[in-house]
Amino acid sequence: WLAEVAPDGQVLRQVRLVSAREVQLAGMLATPDGGLVLCGRLFDAVALDQRAIVLRLDASWAITWQRELFAQETLEEIVAVPSGGWIIISGIALFRLADDGSVLANVRYDCGGAWPILHCLAPVGADEWLLVARDRSPAGGTANERLLLMRVTSNGAVLSVRTLDT
């Protein structure tokens, strides 16, 4: 279910996102036209299948498009790109989607044999973003954990990386 609630607690509108699989939302962003872009995952408890999903709702909350991006991942955060479209991060990937939902970029970052866990994204300039990630060296263990501050473009290209030992 998705609901809009007034400050006094009154439900203004609600919609059930119907699917054969359970929809678990993790991120939401309002759009200038009154609609929403939602991200999360679809989960099928019977088949033990999980897929990342992005949905675009119009101002009346009707689904205008939806994209399943890849299996075994939950999309965590979504931000609007000033030039159009969205950037969505998951545990290990950054996606750039156009306004129509088409995938413009799908980037996974390899840090010397380890996949970093992406945490948050913030704008720092024209078409530049600060991506915070945590990674463990191939030796493993929390003693080898590092914090990565990555400056990236809207399409995920790395401009610079700063490593902070924890």
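1. Some points on the sheet that holds strand S9 (residues 93-97)
Right, so step 1: Taken together, the 4 strands give an open sheet; going across it, the order is S7-S8-S9-S10, and neighbouring strands pair in antiparallel fashion. Each edge of the open sheet is held by one strand with a lone partner, namely strand S7 (75-80) and strand S10 (103-108). When strand polarity is set aside, the average angle formed by the axes of neighbouring strands in this sheet is 15°.
Right, so step 2: Two strands pair when backbone bridges link them, and strand S8 (residues 86-90) and S9 are joined in this way by 4 bridges, in the antiparallel orientation. Bridge pairing in S9 places Ile88 opposite Phe95.

2. With respect to the environment of Pro82
Right, so step 1: Structurally, Pro82 can be placed in the loop between S7 and S8.
Right, so step 2: Residue class for Pro82 comes out exposed when judged on its relative accessible area of 81%.
Right, so step 3: Separated by 45 residues in the primary sequence, Pro82 and Asp127 place their C-alpha atoms 8.0 Å from one another.

3. Some details on the nonpolar core
Right, so step 1: Of all hydrophobic cores here, the largest spans 16 residues; its most connected members are Tyr109 and Leu131.
Right, so step 2: Contributing elements (two or more residues each) for this core: S8, S10, strand S11 (117-125), strand S12 (128-136) and strand S13 (145-153).
Right, so step 3: Judged by nonpolar contacts, the second largest core, of 14 residues, contains Cys39, Ala52, Ile78 and Trp86.

4. Focus: the confidence of the model for the protein chain
Right, so step 1: Residues at a pLDDT of 70 or more form 86% of the protein chain, whose mean pLDDT is 81.
Right, so step 2: Within the protein chain, strand S6 (residues 63-71) has the poorest average pLDDT of any element, 81, and S10 the best, 88.

5. Considerations on the pattern of salt bridges
Right, so step 1: One pass over the structure, following the stated rule, counts 3 salt bridges.
Right, so step 2: In this structure, the salt-bridge partner of Arg56 is Asp33, at a minimum N-O distance of 2.9 Å. With Arg56 in strand S5 (residues 49-57) and Asp33 in the loop between strand S3 (22-30) and strand S4 (36-44), the pair connects residues that are 23 residues apart, well separated along the chain.
Right, so step 3: Accessibility expressed as a relative area gives 46% for Asp33, which makes it partly exposed.
Right, so step 4: As a salt-bridge pair, Arg151 and Glu128 come within 2.5 Å of each other at their nearest N and O atoms. Of this pair, Arg151 sits in strand S13 while Glu128 sits in strand S12, and the two are 23 residues apart along the sequence.

6. Regarding the pairing of strand S1 (residues 2-5)
Right, so step 1: Judged from the 4 bridges that link them, S1 and strand S2 (residues 11-15) form a sheet pairing that is antiparallel. What sits directly across from Leu2, in S2, is Val15.
Right, so step 2: Taking the residues that link successive antiparallel strands as the turn, the S1-S2 hairpin has 5 residues, and the phi of Gly9 there is positive, at about 95°.

7. Quick word on the packing of aromatic side chains
Right, so step 1: The full count for this structure, using the stated rule, is 1 aromatic pair.
Right, so step 2: Ring geometry for Trp65 and Trp86: centres 6.1 Å apart, planes at 55°, overall tilted. Separated by 21 residues along the polypeptide, Trp65 in strand S6 and Trp86 in strand S8 bring together distant segments of the chain. Grouping residues by exposure puts Trp65 and Trp86 together as buried.

Here is what the cut-offs are and how they apply
Residues numbered from 1 in each chain as written. Predicted model: local features only at pLDDT ≥ 70, side-chain atom pairs only at ≥ 80, totals over all residues. Heavy atoms only, no water. Pairing = 2+ DSSP bridges. Helix = DSSP H or I, 4+ residues; strand = E, 2+ residues; numbered from the N terminus. Axes fitted to C-alpha atoms, helices over the stretch in contact; angles between N-to-C directions. Buried < 20%, exposed > 50% of the residue type's maximum accessible area, 1.4 Å probe, protein only. Core = buried A, V, L, I, M, F, W, Y, C linked by side-chain atoms within 4.5 Å. pLDDT = per-residue confidence, 0-100. Salt bridge = Lys/Arg side-chain N within 4 Å of Asp/Glu carboxyl O. Phe/Tyr/Trp six-rings, centres within 6.5 Å; stacked < 30°, edge-to-face > 60°.

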